[in-house]
Amino acid sequence: MMIRRTAVVVAGLLLVAGCSSGQQASQNRQGQSGFVSGAGNVSVFAAADRKAAPELTGKTLDGKTWTLSDQSGKVVVLNVWGSWCPPCRKEAPDLVAASKELGPSVQFIGLNTRDLDPAQAKKFVQEFGVPYPNLYDPDGKGLLRFRGQISSAAIPTTLVIDKTGKVAGRVVGEVTKQTLLGMVKDAG
């Protein structure tokens, strides 16, 4: 019985360890914990099955206050990212292109998490020409408000929030411009 229990525990630990590669674990810099990048898994929710997004408010990288509830009547694209995250860097051009194509009728907002120094996040925004605001959330408190909708370990994650403030879709992992355009169309 003891051997069976030990085998089950070891198998469970191996399964958990398999969710993070050595490369991901090596991303632990300056107090950063590793991340588990999704494979771009897309979930789209029917209007009747959508859950309300939690209230989100905070300071942007340029020091302004931003609040999700102020966006009522607009589709909102919320992208959770970190400057330390390779998949976030890969998807950034697609997010920028989608935000430019969709224009002011759709509010894009970034939620920068686990960057302990805002200078790193600001450099990322400048490097990729990100035209939309980005909340600075170094301790992850804003991210934790989305518990059950966004895994705090799955960076990047993108939510599409419909005009009524409900989550219409989610991409865990890198998002593409085409995926975003389709999800926004479905949410509108």
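One can find the structure itself at the top, above this paragraph.
Let me begin by describing the structure that accompanies this report. (Residues numbered from 1 in each chain as written. Predicted model: local features only at pLDDT ≥ 70, side-chain atom pairs only at ≥ 80, totals over all residues. Heavy atoms only, no water.)

### Observations regarding the packing of helix α3 (residues 86-102) against helix α4 (residues 118-128)
Put simply, α3 and α4 touch, their axes get as near as 10 Å, and they point 50° apart. By the angle between their directions, the pair α3 and α4 is classed as oblique. With respect to the hand of their crossing, α3 and α4 are arranged in right-handed fashion. Each of C88, R89, A92, P93 and V96 in α3 lies in contact with α4, whose residues at this interface are F124, E127 and F128. When the residues that make up the contact of α3 with α4 are grouped by side-chain class, the tally is 6 nonpolar, no polar and 2 charged. (Axes fitted to C-alpha atoms, helices over the stretch in contact; angles between N-to-C directions. Helix = DSSP H or I, 4+ residues; strand = E, 2+ residues; numbered from the N terminus. Parallel < 35°, antiparallel > 145°, perpendicular 65-115°, else oblique. Left-handed = near helix turned anticlockwise from the far one by under 90°. Contact = heavy atoms within 4.5 Å. Nonpolar A, V, L, I, M, F, W, Y, C, P; charged D, E, K, R; others polar.)

### Brief notes about the nonpolar core
The tendency in soluble globular proteins is for nonpolar side chains to be buried as a group. With 44 residues, the main nonpolar core has L78, F108, V160 and L180 as its most contacted residues. The set of elements that each furnish at least two residues to this core consists of β4 (75-81), α3, β5 (106-113), α4, β7 (157-161), β8 (167-173) and α6 (177-187). Among the elements that line this core, the one with the most residues is β4, at 6 residues. Filtering out sequence-adjacent residues up to four positions away, L180 remains in contact with V77, L95, A98, F108, T158, V160 and V175. (Core = buried A, V, L, I, M, F, W, Y, C linked by side-chain atoms within 4.5 Å. Buried < 20%, exposed > 50% of the residue type's maximum accessible area, 1.4 Å probe, protein only.)

### Points about the environment of R89
Assignment of secondary structure puts R89 in helix α3. Here the alpha-carbon distance between R89 and E127, two residues 38 residues apart in the chain, equals 9.8 Å. Not counting residues within four places of it along the chain, the set of residues in contact with R89 comprises S83, F124, E127 and F128.

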